[in-house]
Amino acid sequence: MSQGKDGFTEMTQQGAQIIHGTDPDRQWSEDAEEIRRRFDIPAFDPEAFYPREGAALSGVYPDFLVHIENSADGPSTVNSPGASLTMVEAPKGSGKSTAADQFATYQMEHNDERVVRNGRQKSSDWRRMADWTTLWLPSGVDVDGRWMEAVDRDDPDPDELCRDVRYYSDVLELVERLQNHPKGTYNVVFPDPYFRKCEDALSTADTTVEHPTFIPKNEPNPTPASHWWFGFLAARTFDGLRVDSDGDRNWMTAHIDEFGMLAPESAPGGESGHWTHQCIKIMADIAKEMRSAGLSLVGYGHHEEDVHNHWLKEFDFWVELSNHDRGNRTTKAEAPKPFRDLEQDQDLLSKRPKGFGLCYTGSRFSEFQFSDLGYPHDTPEFQLRLGIPEAVDVSTSDDGGMIVEDLQVATDDDDQPTILNEYRAAGGAVHELRVLAPGDGIIDISGDEPEVLEALSSPYADGTFPENPITTTQNHYDIMFNPDGSTEIVAARIPRRTGPGATTEVVADD
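First, a word on scope: everything that follows refers to the structure included in this document.

Scoring rules and cut-offs
Residues numbered from 1 in each chain as written. Predicted model: local features only at pLDDT ≥ 70, side-chain atom pairs only at ≥ 80, totals over all residues. Heavy atoms only, no water. Disulfide = S-S within 2.5 Å. Helix = DSSP H or I, 4+ residues; strand = E, 2+ residues; numbered from the N terminus. Buried < 20%, exposed > 50% of the residue type's maximum accessible area, 1.4 Å probe, protein only. Axes fitted to C-alpha atoms, helices over the stretch in contact; angles between N-to-C directions. Parallel < 35°, antiparallel > 145°, perpendicular 65-115°, else oblique. Left-handed = near helix turned anticlockwise from the far one by under 90°. Contact = heavy atoms within 4.5 Å. Phe/Tyr/Trp six-rings, centres within 6.5 Å; stacked < 30°, edge-to-face > 60°. Lys NZ or Arg CZ within 6 Å of the ring centre and 35° of its normal. Pairing = 2+ DSSP bridges. Salt bridge = Lys/Arg side-chain N within 4 Å of Asp/Glu carboxyl O.

### Digging into the state of the cysteines
Reasoning step 1: If you walk through the whole model with that rule in mind, you get zero disulfides.
Reasoning step 2: Residue cysteine 198 stays outside any disulfide, its sulfur separated by 9.2 Å from that of cysteine 279, the closest cysteine.

See the structure below:
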């Protein structure tokens, strides 16, 4: 196994591109191979599920995991190619997070797809995958980490918890950047409590319901943060590319835990109910478009009854996990509505230990097993809490920080930026300098001093940013750039104050 100096896997096909921005050695392993090797996960063989007498096997389980354009191009057990919607019913003690990460690993390996898992402030179940994780956080939001176990360590810092951390400004930009991210990757995304561009994303849907509005967390009666996922699913469906630049299908699977909280059966509607019912109805209406866009969804919950039937009726697969106690459904009345024609009258799960499951369609089912992965990296449980600036100090008095209103960036003869461009959002709470395309990188200028949020790469073939691009003088901050090997110029200049500014924060919900 090849690891970087921080212990996070860098010398893989994906790691070389993410960390170093270079083409990898062809002999290096894929992330998914390293994950299977690290956790001793058996290779997935779709042909092992070919139906045979006396065994509860069928191609349903491979159908759920393997995404291909045409069934003729894949394993003989895959009869329903393409993206899909799946509900995983996982009673307590059934290994829900373990199953999710094994499903994700197989999808990364077999589909070469980008996997997205929902980041939640109250949970760090994804931490077993930290060595291969790209963590996506909303810009303009303070992140406060804390350990949930007694440890003699500094507070957890996102940059020290996973392989890479990136920041996004709105849901549409996130979709664009994810599809430019390497394939076969594991991505943990935390919702944007400002809901930037979520209304735009949902307004694209062809639906008869009134379009929802979203209230940011720094305003009275804010929208639940989980509603951001409605915006993400719509944005990826309507604004994401369906075919990558290499000509292959752009597959993506979103694994969303606590799915019943996102789409509860008792969902209220209208403004007083944060338009939850309308959002669910829109998701049901666009289910076909999601599949066409190559976007799969796997929702996880303890009971399928907790999930709204309007959406659940559009799902293709249903999975039940064993906890050595609760049996599987054996009557039509017990099964979710899309699966009530299934002829399955035997309890196969109540005597099974954790690590067994059943996967269904409306007409077939198959038993499968998954590994107990555990948390072998000695990483204690932690929380990442998002703090939202309620007000941003933009005073021009001489009380410290930066005078951002006097920001200057390098421009050409037409007064157009040549290296860095200024970006503002959320009423000034988000204020950044962004490298022009095809370069990449972000510098936050909303605080007391500039801070590189994302490593800077040059928009020009011959240019580079210094290793430490921010230079501090008595009167200003300079962002430096090397247009060639011998010259250094100022790409942006921000006058300084003499003391610190301040913000007031509110804490985002989960």
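### Observations concerning the environment of lysine 288
Reasoning step 1: By the secondary structure assignment, lysine 288 is in helix 11 (residues 287-292).
Reasoning step 2: With a relative accessible area of 64%, lysine 288 lands in the exposed category.
Reasoning step 3: Residues lysine 288 and serine 84, spaced 204 residues apart in sequence, show a C-alpha to C-alpha distance of 9.2 Å.

### Notes on the packing of helix 8 (residues 228-239) against helix 10 (residues 276-285)
Reasoning step 1: Where helix 8 meets helix 10, the axes come as close as 10 Å, and the angle between the chain directions of the two elements is 25°. The angle between helix 8 and helix 10 places the two elements in the roughly parallel class. You can see that helix 8 and helix 10 cross each other, and the crossing is left-handed. For the pair helix 8 and helix 10, contact is made by Phe230, Leu233 and Ala234 and by Cys279, Ile280 and Met283, respectively.

### Some points on the packing of aromatic side chains
Reasoning step 1: Tallied over the entire structure, the rule returns 27 aromatic pairs.
Reasoning step 2: Over the face of the ring belonging to tyrosine 375 we find arginine 128, whose NZ or CZ atom lies 4.2 Å from the ring centre.
Reasoning step 3: Positioned above the aromatic ring of tryptophan 251, the side-chain terminus of arginine 249 is 5.1 Å from the ring centre.

### Side note on the pairing of strand 11 (residues 365-369)
Reasoning step 1: Looking at chain direction, strand 10 (residues 356-360) and strand 11 are connected through five bridges and run antiparallel. Looking at the pairing, glycine 357 lines up with phenylalanine 368 of strand 11.
Reasoning step 2: Between the antiparallel neighbours strand 10 and strand 11 lie four residues.

### Thoughts on the pattern of salt bridges
Reasoning step 1: Within the structure shown, the criterion is met by 28 salt bridges.
Reasoning step 2: For aspartate 316, the salt bridge goes to arginine 291, with nearest N and O atoms at 3.0 Å. Linking aspartate 316 in the loop between helix 12 (309-312) and strand 9 (317-321) with arginine 291 in helix 11, this pair joins segments that are 25 residues apart in sequence.
Reasoning step 3: Residue arginine 291 is classed as partly exposed on the basis of its relative accessible area of 21%.
Reasoning step 4: For glutamate 314, the salt bridge identified is with lysine 313, shortest N-O distance 2.9 Å.
Reasoning step 5: Note on glutamate 314: relative accessible area 24%, which makes it partly exposed.
Reasoning step 6: By sharing partners, the salt bridges in this structure join Arg114, Lys183, Asp244, Asp246 and Asp248 into a single network.

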